[in-house]
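Overview (structure and organization)
Listed below are the residues making up each chain.
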Amino acid sequence: MKKYLSFFRLRFAMGLQYRAAAFGGIATQFTWGAMEIMIFRAFYRSDASAFPMSFSATASYLWLQQAFLAFFATWMMDGDIFDSIVNGDVAYELCRPVSIYNMWFSKGLSTRLSRAVLRCFPILTVAALLPQPYGLNAPASPMHFVLFLLTLILGLLMTVSLCVLICILAFFTISPMGLQMVFTSMTDFFAGALIPLPFFPENVQRVMELLPFAAMQNVPLRIYGGSMSCYEMQKAVFLQIFWLTAITFTGKMLCRLAAKRITVQGG
Amino acid sequence: MNRIDKAVRLYFHYISINIRCAMQYKTSFFLTAAGQFLVSFTAFLGMFVLFQRFSRVEGFTYSEVLLCFAVMLMEFSLAEMFARGFDRFSGMVRTGEFDRVLVRPQNEIIQVLGSKFELTRFGRMLQAAVMFMYGITKSGIQWNFPKVLTVIFMLTGGTAVFFALFIIYAALCFFTLEGLEFMNIFTDGAREFGKYPVNVYGPKFLLFTTFIIPYALIQYYPLLYILGRRTEPFFPFLPLLACWFLVPALLFWKFGVRHYKSSGS
């Protein structure tokens, strides 16, 4: 456990170094969020009755999405891991007395955490100061806020777990490019990164909510706005825990399998 | 004349090298192209989902917005296909490879352009073409010669605008060494948000995109003409006007080259 903690600490400290990059990132994400909100505002003006949730809840969803982008963006995967699998450097990692699954998991987790720590607060503050209904609302209730924090962490763990699973799948496909592309565009769509899930037709939405992708950003961001009923929230948290366990377990099993039959590339 | 002729021939030679190089890895090439298709396909799906719920946005119907998205996507992919070298330029500066470019007796723009030709972007263009066909059949446009011309001008002007943005992005690297993340708003962001006619974002934004970065000239105004909402005869030529945006971009590039201090080893 101690070694993974130090991997975590090292990566975290490293991530905090990139402050100028974070500043650029904040400006980018802020503009991006504002543009998204403008699109939804245009749709809202065209037909307010067709909106599945209130406009200010949508705005809050979009701001939180930008603030915690590093938690849920599946395209922010560690390129080094893929490179090490392609060029064979991963063999060194395999020689070490650590489980590569846990190592990659703790590295991924700390990278995402450090990025978000640097970026989320300025975005959240400015978004909260914007005039209603375009800004970030207060959470629906203190209970919702606590639940938001809990599901946020679960969602983050879920994202990391899924990303590590993809890294391990790269052992089997050799060229990770196609895999990564398919994976990121799938998650963007199914997780509600492109469009919040409530905007989908109802029967489609019901199926999508059961998928592991919905256990990432969809749950915390919707709980925050208070657009889920009590029963729905319970179900969502249960599904998050279920998928987190299932995906992590699958990842670990595949990792063991991959380590057994590994062919090291390069020379 | 002879010099231009030579430069063009050199550029095509670069392209042919790039294509032959990509064809050495055929599987990877087709997978990446398919991936490109898929990425923009989910963007399309997202739009489809929204229009299941809403019938129109700011007076534009689904098929009209699709038309807009398709043209924008095609312009962007064309520019990315040719100007990918500028997109990856920060690497060239950081490793000092640009020094080698400067000592060769050839125009440096041609060399940077030729350093990468991204043929895989045809996956995205295919997606755009399919959407364009769909938009045309559904929106019931009465086609005539000026309208066809407008579409061609849109593609020309749009490619030029994105091309210019890629050049500015690269020229900034002379000063920052790193690619600036914020510039993505103007390239990838424009592709994402250019799905919708720009007046969706409000009148101030329309002004900005008319006079500062001319997205509206390659998208909103010609679209109005194609849809028959504006009939003034100068509308088809507005996208060509956007080509002027290349001038400040190239000037900035020249300025950057003059200020280039070598880095790397």
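As a convention, each chain's residues are numbered from 1 in the sequence order in which they are written. Chains and ligands are labelled by the order in which they are written, letters from A for the one and numbers from 1 for the other. Totals for whole chains, interfaces and linings use all residues, but because this is a predicted model, local features are given only for residues with pLDDT of at least 70 and pairs of side-chain atoms are given and counted only at 80 or more.

Along the backbone of chain B there are 14 helices and two strands. A compact globule built from 265 residues would reach a C-alpha radius of gyration of about 18 Å, and chain B, at 19 Å, matches this within 12%. Across its three principal directions, the C-alpha atoms of chain B cover 60 × 40 × 40 Å. The buried share of chain B, reckoned over its 265 residues, is 41%. A sequence separation of at least 24 residues applies to 80% of the contacts in chain B between residues at least 6 apart. The way it works is that DSSP assigns letters per residue, a run of H or I at least four long becomes a helix, a run of E at least two long becomes a strand, and they are numbered from the N terminus. Atoms considered for the radius of gyration are the C-alpha atoms alone. The globule rule reads 2.2 Å times the number of residues to the power 0.38. Neighbour counting defines burial: a residue surrounded by 20 or more other C-beta atoms within 10 Å of its own C-beta is buried, one with 12 or fewer is exposed, and intermediate counts give partly exposed, using backbone-placed C-beta atoms. We call two residues in contact when the distance between their C-beta atoms, placed using the backbone, is within 7 Å.

Counting secondary structure elements, chain A contains twelve helices and zero strands. Listing each helix as α and each strand as β along chain A from the N terminus yields α-α-α-α-α-α-α-α-α-α-α-α. Relative to the compact-globule value of 18 Å for 267 residues, chain A shows a C-alpha radius of gyration of 19 Å, a close match. The principal-axis extent of the C-alpha atoms belonging to chain A is close to 60 × 40 × 35 Å.

Residue and element names in this part refer to chain A. Lines fitted to C-alpha atoms define the axes, with helix axes restricted to the stretch in contact, and inter-axis angles between N-to-C directions lie between 0 and 180 degrees. Packing of helix α2 (residues 19-46) against helix α7 (residues 100-129) brings their axes to within 9 Å, and their N-to-C directions diverge by 35 degrees. Handedness of the α2/α7 crossing: right-handed. Counted together, R19, A22, G25, I26, Q29 and F30 of α2 and L118, R119, P122, I123 and V126 of α7 form the full contact between these two elements. Grouping the amino acids of the contact of α2 with α7 by side-chain chemistry returns seven nonpolar, two polar and two charged. The handedness criterion is simple: a crossing whose near helix is rotated anticlockwise from the far helix by less than a right angle is left-handed, and one whose near helix is rotated clockwise is right-handed. All amino acids are sorted into three groups, where Ala, Val, Leu, Ile, Met, Phe, Trp, Tyr, Cys and Pro are nonpolar, Asp, Glu, Lys and Arg are charged, and the leftover types, Gly among them, are polar.

The end-to-end C-alpha separation of helix α8 (residues 145-176) of chain B is 47 Å, in line with the 46 Å expected for 32 residues at 1.5 Å each. Positive backbone phi, approximately 65 degrees, marks B:L177, located one or two places after α8(B). One less than the residue count of a helix, multiplied by 1.5 Å, gives the span that helix is expected to have.

Attention now moves to the interface of chain B and chain A. The partner chain A presents 28 residues to the 29 residues of chain B that form the contact. Broken down by secondary-structure element, the contributors of at least two residues to the side of chain B that touches chain A are α2 (26-53), β1 (56-57) and α9 (188-193) of chain B. Counting residues per element, the side of chain B that touches chain A draws most heavily on α2(B), at 13 residues. For the side of chain B that touches chain A, the per-class residue count stands at 15 nonpolar, ten polar and four charged.

On to the nonpolar core, then. All names here are of chain B. Core analysis: the largest hydrophobic core is formed by 141 residues, its most contacted members being F166 and I167. Of the residues forming this core, the biggest block, 18 residues, is contributed by α8. Setting aside its immediate chain neighbours within four residues, F166 contacts A79, A83, F86, D87 and T187. In plain words, the nonpolar core is the set of buried Ala, Val, Leu, Ile, Met, Phe, Trp, Tyr and Cys residues that C-beta atoms within 7 Å link up.

Once that is clear, we can look at unusual backbone geometry. Note that the residue after A:Q132, namely A:P133, is joined by a cis bond; omega there is 0 degrees. Unusually for a residue other than glycine, B:E58 sits at a positive phi of about 50 degrees.

Our focus in this paragraph is the confidence of the model for chain B. Residue-level confidence of the predictor is what pLDDT reports, using numbers from 0 through 100. The share of residues in chain B with pLDDT of 70 or more is 98%, and the mean pLDDT across the chain is 87. By mean pLDDT, helix α4 (residues 89-94) of chain B is the weakest element of chain B at 83, and helix α14 (residues 246-258) of chain B is the strongest at 93.

All names here are of chain B. Structurally, I136 can be placed in helix α7 (residues 122-139). C-beta crowding within 10 Å serves as the criterion here: with 17 such atoms nearby, I136 is assigned to the partly exposed category. Each C-alpha atom, one on I136 and one on L67, is 7.0 Å from the other, the two residues being 69 residues apart in sequence. Residue contacts for I136: discarding those within four places in its chain leaves L67 and I141.

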